[in-house]
Amino acid sequence: MIIAGNWKMFRGPDPHALGGLDAIVAPPFTRLRDCVDAGLTTYAQNVHWEAEGAFTGEISAPMLLELGVTGALVGHSERRQYFGETDEGVARRARAALAAGLAVIACVGETQEERDEGDTETVLQIQVGAIRNACGMHDRLLLAYEPVWAIGTGRTATPETAQDAHAFIKSLLDRPVLYGGSVKPDNADELMSQPDVDGALVGGASLDLDSFAALCLTASHS
Ligand code: PGA
């Protein structure tokens, strides 16, 4: 079981207080070095496809590797929703990061509207398909199923909903799939007991030391 904490644009806990935990952390760029220095498996929250260039506000895989960063998230729904990232861009980011030597957690998931319209599988097919076509079955590639309606809303997917989506995603690209969307210590056990749920990508609950530690403990027993 893999637990990854996405701190988003929050400062997050003291990396040194996380020392004993078996988890991935994805802090804001300014805290990457602190997390690496604390011995944590550290991912950036995004990565560009070029090694360098005139791309204001972006960061490249070689730059992250130079800091000691292990991997990067790509295609988080907040990037897709608020910053216009496309399936093609997400796939390019993932491919370049893997080629440079980073690990990647590529995020996919449908909106509430898409689910209501019965389009969940179509959306997943398009999003996962773009990643598969760019990256193939790379051994440093992980996926995260993060239904947009469950992120930061307290509305976790039921274990059955998560399981169905994970199984479908794996039928498209057979790599480990983390679940993300309002994962908390009190719902993690049931989610992680599903056969195709290989871990969790955690936002809010990763910012609090006690709840993040509790999630890591749950994962170590699942
Ligand atoms: P959440 O965020 O746990 O706060 O819902 C998950 C994510 O966006 O990765």
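Residues numbered from 1 in each chain as written. Predicted model: local features only at pLDDT ≥ 70, side-chain atom pairs only at ≥ 80, totals over all residues. Heavy atoms only, no water.

1. Things to note about the side chain of Arg 93
- Mapped onto the elements, Arg 93 comes out in helix H4 (residues 87–100).
- A polar contact is formed between the side chain of Arg 93 and the side chain of Glu 58, at a distance of 2.8 Å.
- Sequence-distant contacts of Arg 93, defined by excluding residues within four places in its chain, comprise Asn 46, Val 47, His 48, Trp 49, Glu 58, Val 74 and Glu 85. (Helix = DSSP H or I, 4+ residues; strand = E, 2+ residues; numbered from the N terminus. Polar contact = N/O pair within 3.5 Å; in protein donor to acceptor, adjacent residues only side chain to side chain. Contact = heavy atoms within 4.5 Å.)

2. Things to note about the environment of Leu 178
- Tracing the backbone through its elements, the reader meets Leu 178 in strand S7 (residues 177–180).
- As for Leu 178 and Leu 143, which are separated by 35 residues in sequence, their C-alpha atoms are 6.2 Å apart.

3. Examining the sheet that holds strand S1 (residues 2–6)
- Taken together, the 8 strands give a closed barrel; going around it, the order is S1-S2-S3-S4-S5-S6-S7-S8, and neighbouring strands pair in parallel fashion. Neighbour to neighbour, the strand axes of the sheet diverge by 25° on average, direction disregarded.
- As paired elements, strand S6 (residues 141–145) and S7 share 3 bridges and run parallel to each other. Bridge assignment links Ala 144 to a residue of S7, and that residue is Leu 178.
- Sheet contacts for helix H7 (residues 159–172): strand S5 (103–108), S6 and S7; angle to S7, the most-contacted strand, approximately 145°.
- Together, S1, strand S2 (24–26) and strand S8 (199–202) form the strand contacts of helix H9 (residues 209–221), whose direction differs from that of S1 by roughly 160°. (Pairing = 2+ DSSP bridges. Axes fitted to C-alpha atoms, helices over the stretch in contact; angles between N-to-C directions.)

4. Here's the deal with the packing of H4 against helix H6 (residues 120–135)
- At a closest axis distance of 8 Å, the pairing of H4 and H6 adopts a crossing angle of 35°. The crossing of H4 and H6 is right-handed. Contacts between H4 and H6 pair Asp 87, Ala 91, Ala 94, Arg 95 and Leu 98 from the former with Ile 126, Gln 127, Ala 130, Ile 131, Ala 134 and Cys 135 from the latter.
- For the contact of H4 with H6, the residue count by class is 8 nonpolar, 1 polar and 2 charged. (Left-handed = near helix turned anticlockwise from the far one by under 90°. Nonpolar A, V, L, I, M, F, W, Y, C, P; charged D, E, K, R; others polar.)

5. Observations concerning the side chain of Gln 163
- Mapped onto the elements, Gln 163 comes out in helix H7.
- For Gln 163, a relative accessible area of 14% translates into the label buried.
- For Gln 163, the residues in contact, after removing those within four places along its chain, are Gln 194, Pro 195, Asp 196 and Val 197. (Buried < 20%, exposed > 50% of the residue type's maximum accessible area, 1.4 Å probe, protein only.)

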